[in-house]
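Structural characterization, general
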Amino acid sequence: MNVHSHGKKLQFSIQERKTTVVGWTKILLLAGFSTTVGGSLSVGYNIGVVNAPAVVIKPFCNQSIYDRYGVVLSGSQLDFLWSSIVSIFLIGGAIGSLGGSAIADSLGRRGGLIVSQLLGFIAGLLFVSSEVLRSVETLMVGRLLVGLSAGMITGIMPMYLMEMAPLHLKGSMGVLCPLGVCTGVLLGQIISLPGILGNEHYWNYCLSFFLIPLVLCSIIFPFLPESPKYLFIIKKNHQLAVKGLSRIRNVSASQLEQEIQELKDEQQVKDSLRDDVWSLGRVLKDRKLLLPIMLVCALQSGQQFSGINAVFYYSVAIFKSAGLSESGQQLGTIAAGVCNLFMAIISIRIMEKFNRRFIIQLSLATTAFFLFLLAVAVQFLHAATWMPYLSIVGVLGFVLCYGIGLGPIPYFIASELFEVGPRPCAMALGSMANWGGNFFIGLFFPLMNRYLGAVSFVIFSTWIVFLFFLVRIYLPETRGKDVAQVALLCQDGLASKPLSSPVIRTPE
C-alpha cells in the first residue's frame, strides 16, 4: 500500500468515526501551567532581564578581569565582552534546539523538559555565585547553560503539549509556550528595574530570580504523564500509552476509541515507510518534507526578522522623544511588554475560534503596515510635534498585531504540519531558525541602526510582506484537521497546491 492511498483511507476512516469531545482536564491544566511557569517563562525572563542591569554588571566584569588577569579593558573591549555574555545565550539556544530533538526521542518529551530544567537550575546557581566568586567566567557559563535550556524548551514544550491535547484544544495548548515567553520578558523587565533588583547590590539575584518558579514547578514535572503519541508510536508501548491517554482525558479507554484508532493509523503509516529513525539529515533530504520545513523555518525566523527586538530597543528613544521622563520611558517599555502579554493571553481563545491561515495573514499584513508607519515616524521624528506620538502608535500597534498570530503560531505550527516521526527534528530546525535569527539581528542590528536608521524598519517590513505571500500560497489550514491529512497536502514540495486539494475536515 502506498502512502497516498493509505492517506485517503485514513481520511475516510477519520470522517466515519465519532468524536468524544474532551475539554480542559486537570492533567491538561496542570501540564500547561507547570511547563509555562516552570519552562518557557524562564526563556523570556533571560531574554528580558539583561538590558537594564548592564550598566552595573559591566563594571563587575571589568573588575573581575583585572583581579584575575591584571588587565584593564578599554571601552570597546568591555562592550565586546558584554555582547559576548549576552549573545552566548542565543548560541546556547540554537545548540539546545538541535540537541532537543535527540533527547525528545530518547528520553521522551517530558524527560527532555526535565533535563532542560536541570540545566536552568545549574545556570541559576552560577548566576548567584558569580558575584561571590568575582568570576565573569561563571557568568558566561551560566548564560550558555541557560541558553541550552531555553533552546530545548522552545523545541520540546510545544510538541509535548500539542501531543497531549485533544484536536480542538491544540491551538490553545500551542500558544502556552509563547505566553510563557512574553510573561518572562515582562517579568525580567520589571525585576531588573534599578529600584527592585537591577542594581549593583542585587544584580546576581536579579539574573537568577527565574529559579523561584522553576524550582516550584519542577516538583510537578515527575507526576506529569508522558506524551501518549511518543509512547504509542515511538516507544511502541501501547498499553502504557492508552493508560496515559485515559488519565489525560479523564475518561475510560472505551471512550477513546477514535483517538486510539488514530494512533494506530499513524503507527501504520510510520511502519509502512519503515521510518523507525528520523535524523536531521533524513528530514532535510526528504523531498516530501521540503515545503513544511520551509514554512516552519520561515515563520520561526520571521519572528526575529520582523524586528520585534529592534522595536523594543527603539521604544526607549521613542518614548524619550515624546517627552517622557526616564522613569516614564521605562514604564512605556513595560507597557509595550504588557500589550505583548495581553495579546498572548487572548490568543488562547483566538486559536480556538479562528483558522490559522486567517490569523497569521491578518497578523502579517497589519504588522507590515505598523512597521512602515514606525519607519516614517522615526525618520521624521522631529519634523512635527505630533510625530513622536505617531511613533508610539507604531510601537504599540506593531506589538499588538505581532501578538495576534506571528508571536504564537510559529511555535506550534510544526506539530500540526509533521507526523510524529519527523516532528522532533522539524521542531528542532524551526527553533534553531528562531534562535539563529535572534542572533543575526542581535549581531547586525546595531550596524543597521547606525548606517540605515529608520530604514531598518522598512527592511523588516519587506521581509514580512514576503512571508505574507509565502503563507498565502503554501500554508494549508491545520485547525481541526488530522496531521496525516495535512502532511499529504505538502508532499509535493513547491509544486504542492494545499489550498486547492480537497481535505475532509475532522468533525469536532
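The shown structure was predicted, so the numbers you read here are calculated from the model rather than taken from an experiment.

So, how was this worked out
- Residues numbered from 1 in each chain as written.
- Predicted model: local features only at pLDDT ≥ 70, side-chain atom pairs only at ≥ 80, totals over all residues.
- Heavy atoms only, no water.
- Helix = DSSP H or I, 4+ residues; strand = E, 2+ residues; numbered from the N terminus.
- Rg over C-alpha atoms; globule rule 2.2 N^0.38 Å.
- Buried < 20%, exposed > 50% of the residue type's maximum accessible area, 1.4 Å probe, protein only.
- Contact = heavy atoms within 4.5 Å.
- Areas by Shrake-Rupley, 256 points an atom, 1.4 Å probe, with all protein chains shown as cover.
- Phe/Tyr/Trp six-rings, centres within 6.5 Å; stacked < 30°, edge-to-face > 60°.
- Lys NZ or Arg CZ within 6 Å of the ring centre and 35° of its normal.
- Expected span 1.5 Å × (residues − 1).
- Bend = angle between axes of the 7 residues up to and from the residue.
- Core = buried A, V, L, I, M, F, W, Y, C linked by side-chain atoms within 4.5 Å.
- Patch = residues over 30% accessible without salt bridge, like charges linked within 9 Å, V, L, I, M, F, W, Y side chains within 5 Å.
- Salt bridge = Lys/Arg side-chain N within 4 Å of Asp/Glu carboxyl O.
- Arc of directions from axis to C-beta.
- pLDDT = per-residue confidence, 0-100.

Counting its regular elements, the protein contains 23 helices and zero strands. Here the C-alpha atoms of the protein give a radius of gyration of 23 Å, agreeing with the 23 Å that 2.2 N^0.38 yields for 508 residues. Based on the C-alpha atoms only, the size of the protein along its principal axes is roughly 70 × 50 × 40 Å. For the protein, the residues scored as buried account for 60% of the 508 residues in total. Summarising the internal contacts of the protein: among those between residues at least 6 apart in sequence, 82% fall at separations of at least 24. As presented, the protein carries roughly 20900 Å² of accessible surface, and 67% of it is formed by carbon and sulfur atoms.

Scanning the model with the defined rule gives 15 aromatic pairs in all. Here phenylalanine 305 and phenylalanine 440 contribute two aromatic rings whose centre-to-centre distance is 5.8 Å and whose plane-to-plane angle is 85°, an arrangement assigned as edge-to-face. Note that phenylalanine 305 is positioned in helix 15 (residues 290–305) and phenylalanine 440 in helix 21 (residues 423–451), a separation of 135 residues in sequence. Assessed through its relative accessible area of 22%, phenylalanine 305 is described here as partly exposed. You can call phenylalanine 440 partly exposed: its relative accessible area is 40%. Ring pairs connect the aromatic residues Phe305, Phe440, Phe444, Trp463 and Phe466, which therefore count as one cluster. In this structure, arginine 282 packs its charged tip against the face of tryptophan 278, placed 4.0 Å from the ring centre.

Along its 23 residues, helix 2 (residues 26–48) runs 31 Å from first to last C-alpha, staying within 8% of the 33 Å computed at 1.5 Å per residue. Largest kink in helix 2: about 40°, centred on threonine 36. Within helix 2, 17 of the 23 residues are buried, which leaves the element mostly enclosed by the surrounding structure.

Cys61, Leu139 and Phe457 are the most contacted members of the largest nonpolar core, which totals 133 residues. Counting residues per element, this core draws most heavily on helix 6 (residues 136–164), which supplies 15 residues. Judged by nonpolar contacts, the second largest core, of twelve residues, contains Phe232, Val242, Val251 and Leu263.

Positive phi, close to 60°, is recorded for lysine 236, a residue that is not glycine. Even without a glycine there, the phi angle at asparagine 250 is positive, about 60°. On the secondary structure map, asparagine 250 appears in the loop between helix 12 (238–249) and helix 13 (257–272). Note on asparagine 250: relative accessible area 62%, which makes it exposed.

Together, Phe372, Val376, Phe380, Phe440, Leu443, Phe444, Leu447, Tyr451, Leu452, Val455, Val458 and Ile459 make up a nonpolar patch on the protein surface, roughly 1100 Å² of accessible area in all. When residues of the nonpolar patch are traced back to their parent elements, those giving at least two are helix 18 (356–379), helix 21 and helix 22 (455–474). Mapped onto the elements, phenylalanine 444 comes out in helix 21.

What helix 10 (residues 211–218) keeps buried is the set Leu211, Pro213, Leu214 and Cys217. Down the axis of helix 10, the sector holding all buried residues measures 170°, keeping them to one side.

Time to look at the confidence of the model for the protein. When pLDDT is averaged along the protein, the result is 86; 91% of the residues meet or exceed 70. Confidence over residues 1–19 falls short of pLDDT 50; this stretch has 34 contacts with residues more than four positions distant or in other chains. Note on residues 502–508: pLDDT under 50 across the span, and 24 contacts to partners over four residues away in sequence or across chains.

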